[in-house]
Amino acid sequence: MKRKKAPPKTERRAFLNMIGKTVVSAGAMLGAGSLLDKKEAASAQSFPTADYDWTKHRWAFGVDATRCIGCLRCAEACKAENGTNPDAHHFRTWVERYVYLEGEERALVDSQADPQNIAAAGAEGVYRFDNRYKDEKVDKAFFVPKICNHCTHPACVQVCPTGATYKTKDGVVLIDEKYCIGCEYCVQACPYGARFFNTETQTSEKCTWCYHRITKGLQPACVEVCPVGARIFGDRNDPASPISEFIRNNRVSVLKPETGNAPNCFYIGIDKEVQ
Amino acid sequence: MEHVLNISPYIGYVFPNETVFPWSVMIAVYPYMTGLVAGAFSVSSFYHVFGMQTYKPLARFALLTALSFMIFVPLPLLLHLGHPERAFNAMITPHWTSAFAAFGYFAAFYVCLLVLECFFVFREDNVARAKNATGLGKLFYGAVTLWSDDVSQKARIYDHKWLFVLAVIGVPAAHGLHGYVGFVFGSLKSREWWGSDLMPVIFLFSAVVSGFALLIVLHVVTSLWRKVPVNIPCVRGLAGSLWGFLMFGVLLEGVEYANVIYKAREGIELILVFVSGPLFVPYFVLQFGIGAFLPIGILAFLIFGKVGGRTLVVGAVVSALLVLMSVFMMRWNVVIGGQMISKTLKGLLSYTPPLLGRESLLAAIFVMLAPFGLLWVLTRLFPPWDDADKQAMPRAADNEKMPLLAE
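Every residue gets a number counted from 1 within its own chain, in the order that chain's sequence is written. Each chain takes a letter, starting from A, and each ligand takes a number, starting from 1, following the order in which they are written. Where local features are concerned, this predicted model is filtered to residues with pLDDT of at least 70; where side-chain atom pairs are given and counted, the filter is 80 or more; whole-chain, interface and lining totals use all residues. To obtain the side-chain values, all non-hydrogen atoms of the structure were included, while hydrogens and water were left out.

Participant: Even after reading the chapter, I still don't get the overall build of chain B, so can you show me in this structure?
Facilitator: Helix numbering and strand numbering both begin at the N terminus, where a helix is a DSSP run of H or I of at least 4 residues and a strand a DSSP run of E of at least 2. Scanning chain B from terminus to terminus reveals 13 helices and 2 strands. Taking all 407 residues of chain B together, 57% fall into the buried category. Every residue pair with non-hydrogen atoms within 4.5 Å of one another is taken to be in contact. Taking contacts inside chain B between residues at least 6 apart in sequence as the whole, the part at least 24 apart equals 81%. All accessibility values rest on the Shrake-Rupley procedure with a 1.4 Å probe; residue burial counts only the protein chains present in the view. Summing over all exposed atoms, chain B offers an accessible surface of approximately 17,500 Å²; the carbon and sulfur share of this is 71%. For every residue, the accessible area (1.4 Å probe, protein chains only) is compared with the maximum for its type, and the residue is labelled buried under 20%, exposed over 50%, or partly exposed between those bounds.

Written as structure tokens, this is what we have:
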């Protein structure tokens, strides 16, 4: 009887042993997992990054409109990088097309929200310029990339009633989406139409010059993907940076200087019509 | 949750982000309501500060009207906010460079001032009601008098002193609040239609005008409801003031418009297309034509034609209703109109409020009607009329032939 009972006892012991080991190892795995999670969370929280010194940089953006071919890889990359609403009415960066037809004084302008361009794109998250001028006599035409100007005196920061949007020491205008009340006063105040309302977070949204990338030594997504080098980005504190050279070697202009916002996005190759 | 986006149709070129209208009909309702508060308070202060006896019959009612509207002023803003639960962030950490940072403080201060003024205005009556009432009523009126039943001559003089001081503070506070609302729009350099130094003053005058108009209508309606004669001198006084302030308000807006057109800065071609096209009916026809010039004409006829009786009352009410419509159109034409002109100055957007939803037409109508509901409740609790407990009888001051409209 004893012998007969023994196997079950051993089996029970083995079973309990197995359960114990499973629980311990699962616990260890879970523990490790949560540690990993915490580590990831900590890195996500250290925004920009633990070793980044924002007093040592002065970021700026350049646009060489003479190079832009209107391929819109920038707009698509921006949306993918930042998870922006993929429709044609919310853009952190977009491209405008200016066309002077023969004999016309004023340019015809269109961009991604244009119904014909939406139709030409065919899907959300994809952007194209349609070929509407193929039968026209075009006198002059060019593309102008647009982006938040991260102004030195940003009107959007001035009007924010809570301070949820602010200017960083390295010259970037950011939004704390956990503090923004969603009044859209900043959307009104921006003369450049660079801000919009995010219906998911119910707060304002705009370009950050990919702050999560630039603080790690990377380029903004739109600059990274531009196939023709129409977008230039860098640190003005570094005289050898692409942006310092761009500003030094060209006669640059800014958009709507009369607003007093003092934009930090510098253009070459734009026209009187560009606002 | 899937968010339904209202994409605004447009002509010309607008920035892609502009195709979603930032500020809705709620932001047009908001200055309209603060304007009515400031205007109603003006009527009350004409008696309480300046001692104008003509407005005495309306002084307390005007105060309740201001309070009823003021309590609902934050509602359209809260309905607009993406995160209304964070609204107090603006008060906890006000960002003082924002024209909107002080709104919470302004509004809270002004509500307190109105409540305090109502406390003193109605204290004597409430003490009497507390004495006569039983049960819950006794408790309620006891509470609103803070269980102080001293109505001696000394106490009443003390009350009046406080009333005067509060009203004196209230006049700049009410007008400051509304002028400040004008500044919220006028200080923005991003919008051609808003960025004007005259905006706060224009808002202020239209506010006073709307308050006078509202009280004409409410006085006549409440008189009919209560089956008491309409106080003709009071209506005449209100009509006269309405006429004066209305003319000045229209003049200011005319100057503002002339400035935009005459200066003819960049984008003037678009503005001309705008005012002669989508803005023609709401601006020239409704706001100026039917809403301002017509009532100026009617009121001038009533005042200088020495018209009395029923004609005066009907004429004044019609003018007042037109003015109320005109002032709302002014708010609409500023708030919505300003956003219709694209920041590119190359395109025009259009806006139609949705019928249902948080920022819809129906919600706006509810927000506009809610203060009237509160006013009804307040007038039941604190009857503001001198003749409330008496038989309706002509006042000694009223030397006109009383048209007993309610007969």
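Participant: So what exactly am I meant to see when it comes to the interface of chain B and chain A here?
Facilitator: Often, the extent of an interface is quoted as the loss of accessible area on bringing the components together. The interface of chain B with chain A comprises 44 residues on the first partner and 55 residues on the second. Accessible area, probed at 1.4 Å, shrinks when two parts are joined; the buried area is that loss added up over both. Summed over both sides, the interface between chain B and chain A buries roughly 3,800 Å², with carbon and sulfur atoms accounting for 51% of that surface. Every case where a carboxyl oxygen of Asp or Glu lies within 4 Å of a side-chain nitrogen of Lys or Arg is listed as a salt bridge. On inspection of chain B and its partner chain A, the count reaches 2 salt bridges. Notably, a salt bridge pairs Lys346(B) with Glu273(A), separated by 3.0 Å at the nearest N-O pair. Throughout this description, a polar contact denotes any pair of N or O atoms lying within 3.5 Å of each other; where both atoms belong to protein, one of them has to be capable of donating a hydrogen while the other can accept it, and for residues adjacent in sequence the pair is counted only when both atoms sit in side chains. Linking chain B with chain A are 35 residue pairs in polar contact (both at pLDDT 80 or more), by the criterion used here. Of all the secondary structure elements, the ones that give two or more residues to the side of chain B that touches chain A are strand S1 (10-13) and helix H4 (89-92) of chain B. With 3 residues, H4(B) is the single largest residue contributor to the side of chain B that touches chain A. Tallied by class, residues from the side of chain B that touches chain A come to 21 nonpolar, 15 polar and 8 charged. Amino acids outside the nonpolar list (Ala, Val, Leu, Ile, Met, Phe, Trp, Tyr, Cys, Pro) and the charged list (Asp, Glu, Lys, Arg) are all regarded as polar, and Gly is one of them.

Participant: Help me understand the state of the cysteines, please; the structure alone is not making it clear to me.
Facilitator: Covalently bonding the sulfur atom of one cysteine to the sulfur atom of another cysteine gives a disulfide. All names here are of chain A. A pair of sulfur atoms, both from cysteines and within 2.5 Å, is called a disulfide here. All told, the structure shown has 0 disulfides over all chains when counted by the stated rule. Between Cys210, a free cysteine, and Cys78, which holds the nearest cysteine sulfur, the sulfur-to-sulfur gap is 6.3 Å. Given a relative accessible area of 6%, Cys210 falls into the buried group.

Participant: Got a minute to help me understand the environment of Trp162(B) in this structure?
Facilitator: Residues and elements named next belong to chain B. Here Trp162 lies in helix H7 (residues 153-186). Judged by relative accessible area, Trp162 falls into the partly exposed class, the value being 35%. Residues Trp162 and Leu116, 46 residues apart in the sequence, show an inter-C-alpha distance of 9.2 Å.

Participant: Explain unusual backbone geometry to me, please; I cannot follow it from the model alone.
Facilitator: Unusually for a residue other than glycine, Leu72(A) sits at a positive phi of about 65 degrees. Among the structural elements, Leu72(A) can be located in the loop between strand S1 (59-64) and helix H2 (73-82).

Participant: Would you take a moment to explain the environment of Ser326(B) for this structure?
Facilitator: All names here are of chain B. With respect to the helices, strands and loops of the structure, Ser326 is situated in helix H12 (residues 309-340). Taking C-alpha positions, Ser326 is 6.5 Å from Ala292, a pair spaced 34 residues apart along the chain. Among all residues touching Ser326, those that are not within four sequence positions of it are Leu286, Gln287, Gly291 and Ala292.

Participant: Even after reading the chapter, I still don't get the confidence of the model for chain A, so can you show me in this structure?
Facilitator: Detailed reading of predicted coordinates is not advised where the pLDDT is low. Residue and element names in this part refer to chain A. What pLDDT reports is the predictor's confidence in each residue, on a scale of 0 through 100. Looking at chain A, pLDDT values average 88 and 83% of them are 70 or higher. Across residues 1-10, confidence stays below pLDDT 50; counting only partners more than four residues off in sequence or on other chains, it has 0 contacts. Counting contacts from residues 38-44, a segment whose pLDDT is below 50, to residues more than four positions away or on other chains yields 0 contacts.

Participant: Explanation requested: the packing of helix H1 (residues 25-48) of chain B against helix H2 (residues 56-72) of chain B in the structure shown.
Facilitator: Helices that pack against each other are described as a pair by the angle of their axes relative to one another and the distance between those axes. Residues and elements named next belong to chain B. Note on geometry: axes are lines fitted to C-alpha atoms, helical ones only across the stretch in contact, with angles between N-to-C directions running from 0 to 180 degrees. Where H1 meets H2, the closest approach of the two axes is 8 Å, and the angle between their N-to-C directions is 155 degrees. As the angle between them shows, H1 and H2 are arranged roughly antiparallel. The hand of the H1/H2 crossing is left-handed. Together, Met33, Leu36, Val37, Ala40, Phe41, Val43, Ser44, Tyr47 and His48 of H1 and Lys56, Ala59, Ala62, Leu63, Thr65, Ala66, Phe69, Met70 and Phe72 of H2 make up the contact between the two elements. Grouping the constituent residues of the contact of H1 with H2 by class yields 14 nonpolar, 3 polar and 1 charged. Oblique is the label for any angle not covered by the other classes, which are roughly parallel (under 35 degrees), roughly antiparallel (over 145) and roughly perpendicular (65 to 115). Left-handed describes a crossing whose near helix is turned anticlockwise from the far helix by less than a right angle; the clockwise case is right-handed.

Participant: Whenever I open this one, the nonpolar core confuses me. Can you help?
Facilitator: Within soluble globular proteins, side chains that are nonpolar tend to cluster in buried spots. Buried residues of nine kinds, namely Ala, Val, Leu, Ile, Met, Phe, Trp, Tyr and Cys, make up a nonpolar core once their side-chain atoms join them within 4.5 Å. Core analysis: the biggest nonpolar cluster contains 141 residues, and Tyr185(A), Phe41(B), Phe103(B), Tyr110(B), Phe185(B) and Trp193(B) have the highest contact counts within it. In contact with Tyr185(A), not counting residues within four places along its chain, are Val159(A), Trp23(B), Ser98(B), Ala99(B), Phe100(B), Val184(B), Ser187(B) and Leu188(B). Grouped together as the second largest cluster of nonpolar side chains are 44 residues, Val109(A), Cys151(A), Leu174(A) and Leu255(A) included.

Participant: Explain the sheet that holds strand S9 (residues 231-235) of chain A to me, please; I cannot follow it from the model alone.
Facilitator: Either a parallel or an antiparallel arrangement is found when strands of a sheet pair, and the pairing is made through backbone hydrogen bonds. Residues and elements named next belong to chain A. The pairing criterion is simple: DSSP has to find at least two bridges between the two strands. Sheet architecture is open: 3 strands sit in the order S9-S1-S10, paired in mixed fashion. The open sheet has two edge strands, S9 and strand S10 (265-268), and neither has a second partner. Strand-to-strand, the axes of this sheet are offset by a mean angle of 20 degrees, without reference to chain direction. In this sheet, S10 lies alongside S1 in parallel orientation, the contact comprising 4 bridges. By the bridge assignment, Gly62 is partnered in S10 with Phe266.

Participant: Honestly, the sheet that holds strand S2 (residues 93-101) of chain A in this entry has me stumped. Any pointers?
Facilitator: Residues and elements named next belong to chain A. Sheet architecture is open: 3 strands sit in the order S3-S2-S4, paired in antiparallel fashion. The sheet terminates laterally at strand S3 (108-110) and strand S4 (138-147), the two strands that pair on one side only. Across the sheet, the mean angle from the axis of one strand to that of its neighbour is 20 degrees, orientation sign disregarded. Pairing between S2 and S3: 3 bridges, direction antiparallel. By the bridge assignment, Val99 is partnered in S3 with Leu108.

Participant: How do you make sense of the packing of H1(B) against helix H8 (residues 199-226) of chain B when you look at a structure like this?
Facilitator: Residues and elements named next belong to chain B. Direction vectors running N to C along H1 and H8 enclose 70 degrees, while the axes themselves pass 6 Å from each other. Of the possible angle classes, the one that applies to H1 and H8 is roughly perpendicular. In this structure, the crossing between H1 and H8 has a hand that is right-handed. Where H1 abuts H8, its residues Pro31, Gly35, Leu36, Ala38, Gly39, Ala40, Ser42, Val43 and Phe46 lie against Phe203, Ala207, Val208, Ser210, Gly211, Phe212, Leu214 and Leu215. Split by residue class, the contact of H1 with H8 holds 12 nonpolar, 5 polar and no charged.

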